[in-house]
Amino acid sequence: MTIRAFDFAHQSTTANPKHVESLVKFFESGVKQPDHYGFGVEIEHLPIRKDTGKAVTYAEPHGIRNVLQALTQYYDPANEYYEDGHLLGLGKPGISVSLEPGGQIECSLGVLRHADDLDALYAEFRRDLDPILDKFGIRLVNFGYQPDTSYKEIEIIPKHRYYAMQKYFGRIARFGFCMMRASASTQVSIDYFSEKDAIDKLRIGTAIGPILAWFFRNTPNFEKEPNPYPLLRQEMWDWIDPQRTGQLWGLYDDNYDWEHYAVDVLTTPVFIADLSHTPEYTGDRPVFSAPYDDAATLYPDRELNQAEINHIISTHFNDVRLKNFVELRSWDSLPIARAQRLTEIVSNLFYTRSEFEGLLSYFDGLTNLDVREAKADLQAHGADAHPYGQSLDFWREFLHAEGTLDNEPGDPLRPDFFQA
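Residues numbered from 1 in each chain as written. Predicted model: local features only at pLDDT ≥ 70, side-chain atom pairs only at ≥ 80, totals over all residues. Heavy atoms only, no water.

Looking at the overall build of the protein
The line we're drawing: Runs of H or I in DSSP of at least four residues are treated as helices and runs of E of at least two as strands, each being numbered from the N terminus. Between the two quantities, the radius of gyration covers C-alpha atoms and the globule rule is 2.2 Å times the number of residues to the power 0.38. Only protein chains enter the accessibility calculation, which uses a 1.4 Å probe. A residue is then buried if its area is under 20% of the maximum for its type, exposed if over 50%, and partly exposed in between. We call two residues contacting when some pair of their heavy atoms lies within 4.5 Å. Per-residue accessibility takes into account occlusion by the displayed protein chains alone, with areas from the Shrake-Rupley method and a 1.4 Å probe.
For the protein, the helix and strand inventory stands at 14 helices and 15 strands. For the protein, whose C-alpha radius of gyration is 21 Å, the value lies close to the compact-globule estimate of 22 Å for 420 residues. On the principal axes, the C-alpha backbone points of the protein span a range of 65 × 60 × 45 Å. Expressed as a percentage of its 420 residues, the buried residues of the protein come to 58%. Across the protein, the fraction of contacts at a sequence separation of at least 24, relative to all contacts at a separation of at least 6, is 75%. In the structure as shown, the protein presents an accessible area of about 17600 Å², 50% of it carried by carbon and sulfur atoms.

Section: the pattern of salt bridges
Which entries qualify depends on this criterion: When a carboxyl oxygen of Asp or Glu lies within 4 Å of a side-chain nitrogen of Lys or Arg, that pair is called a salt bridge.
What the rule picks out here adds up to 30 salt bridges. In this structure, Lys25 engages Glu21 in a salt bridge whose closest nitrogen and oxygen atoms are separated by 3.3 Å. A residue pair is termed a helical-turn pair when its members lie 3 or 4 positions apart in one helix, as Lys25 and Glu21 do in helix H1 (residues 17–29) at four residues. Note on Lys25: relative accessible area 39%, which makes it partly exposed. Here Lys375 ties to Asp319 by a salt bridge, and the two come within 2.7 Å at their closest N and O atoms. Taken together, the residues Lys375 in helix H13 (residues 368–381) and Asp319 in the loop between strand S13 (317–318) and strand S14 (320–322) connect sequence positions 56 residues apart. By the burial criterion, Lys375 is buried, and Asp319 matches it. Where salt bridges share partners, they join Lys92, Glu124, Arg127 and Asp128 into one cluster.

A closer look at the environment of Leu334
By the element assignment, Leu334 lies in the loop between strand S15 (326–332) and helix H11 (336–351). The spatial distance from the C-alpha of Leu334 to the C-alpha of His381 is 23 Å, given a sequence separation of 47 residues. Beyond its immediate chain neighbours, meaning those up to four positions away, Leu334 contacts Ile43, Asn142, Thr186, Phe216, Asn218, Ala339 and Leu342.

Considerations on the packing of helix H6 (residues 195–215) against helix H12 (residues 353–362)
Just so we agree on the cut-off: Each axis is a line fitted through C-alpha atoms, taken for helices only over the stretch in contact, and angles between the N-to-C directions span 0 to 180 degrees. Angles are sorted into four bins: roughly parallel if under 35 degrees, roughly antiparallel if over 145, roughly perpendicular if 65 to 115, and oblique for all others. Here a crossing is called left-handed whenever its near helix is offset anticlockwise from the far helix by less than a right angle, and right-handed whenever the offset is clockwise. In this count, Pro and Cys sit with the nonpolar residues alongside Ala, Val, Leu, Ile, Met, Phe, Trp and Tyr, while Asp, Glu, Lys and Arg are called charged and the others, Gly among them, polar.
For the pair H6 and H12, interaxial distance at closest approach is 11 Å and the crossing angle is 65 degrees. Comparing the axis directions of H6 and H12 gives the class roughly perpendicular. Crossing of H6 over H12 shows left-handed handedness. Residues Asp197, Asp200, Lys201 and Ile204 of H6 form the contact with H12, whose own contacting residues are Arg353, Phe356, Leu359 and Leu360. For the contact of H6 with H12, a count of residues per class yields four nonpolar, no polar and four charged.

Observations concerning the side chain of Ser333
Tracing the sequence through the fold places Ser333 in the loop between S15 and H11. For Ser333, a relative accessible area of 0% corresponds to the buried category.

Re the packing of aromatic side chains
Worth spelling out the cut-off: Aromatic pairing here means that ring centres of Phe, Tyr or Trp (its six-membered ring) are within 6.5 Å. Orientation follows from the plane angle: under 30 degrees is stacked, over 60 is edge-to-face, and everything else is tilted.
Taken as a whole and judged by the stated rule, the model has 32 aromatic pairs. Between Tyr122 and Phe125, the ring centres sit 5.7 Å apart and the planes meet at 50 degrees, which makes this aromatic pair tilted. Here the residue Tyr122 and the residue Phe125 both occupy positions in helix H3 (residues 118–135), the gap between them amounting to three residues, near one helical turn. Under the relative-accessibility criterion, Phe125 is labelled buried at 0%. Pairing Phe394 with Phe398 gives two aromatic rings, centres 5.3 Å apart and planes at 15 degrees, and the pair type is stacked. One end of the pair, Phe394, and the other, Phe398, are both in helix H14 (residues 392–398), four residues apart, so they sit about a helical turn from each other. On the accessibility criterion, Phe394 (25% relative accessible area) is partly exposed.

Considering the pairing of strand S1 (residues 39–49)
Selection rule: Strands are labelled as partners when DSSP assigns at least two bridges between them.
Counting buried residues along S1, 11 of its 11 residues qualify, which places the element largely inside the surrounding structure. Inspection of the sheet shows S1 paired to strand S7 (residues 185–190) by five bridges, in the antiparallel sense. Following the sheet pairing, Val41 is matched in S7 by Val188. Where S1 lies against strand S6 (residues 138–141), four bridges are found, and the strand directions are antiparallel. For Leu46, the partnering residue across the bridge sits in S6 and is Val141.

Right, dumping it as structure tokens:
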């Protein structure tokens, strides 16, 4: 008998059919032709003071707000993002700059046609940014967590979404404040060519993400002490909120499809209500905590608009996330050389047809319990782990994950500072 895991999720809620149709159409809009695929790469950076090594926050003198203001000269004024008069984001063709809750500086690069295009676009981002950072006594490092600053020392940026998120995660999550204020990641987004291809990529990405996370681990310290977790990013996210993190519910059910994904995100409490782009809303508090309300409760009985869809999807933080592309989210912040190598590996595994078909064949019959066991094995045993019954040496060869540039420092001024 096949137990379908999704049947046991959201047992007291029902999605609005018009909302489900909206999301399915959104996923359909992402279908690409096999010869027109691309990448998106997001790298979050930890800003620290040159003289102290401490985290730099948004509002402090000579802080991240001043950096963004000075950076506007290189970006399109039409793409400046403000909230209550606070500048929080910039954009121009190929590069977007945004802030994570603790003032971490994220660059979103792409769409890239080839993995080796990443280096040039990232160099352009840093060419404009680095002289400004130098002016304000700041430098950026690439680690999964602030090396010498506790989350308690970091204030979140002035954004209503993050105020609501902090209120929620601060009460229900084990690592909520740590993740928001002091962590940083690398994410790679890939295209899909059909509904089946999208589901296949969600499944394979979820299965191999923790293994690649081990090969690209990059978190020497946690809360100013040596990091005790082989995969700190996984440990934080797996314990934050099981409604919206880890594996997608029912992903390995044989009937899983876009509609299941849509129902999942629509019937999970959104936890952050954002009605700022809902024309029917007439209240004075468009963004607020909503720990029990799902989309059917909050949004009108009609098809959802683009802003509403993007917000609802963004309230889920699974290991692999579906938008109108597939977003792989398992990795610590990486220096550019390692980020490019990671992108090369992802490109080979997911876009080389023979490689991807080999992965599908190898993982045929995989279950959600298999993935949970592999993740737990890596977290418990580190270098001695045998995810899916195979050694890490096997996986490095099988996934073509040689040359992961393990000696490339996340902080060039600390060339011997690495995760143990």
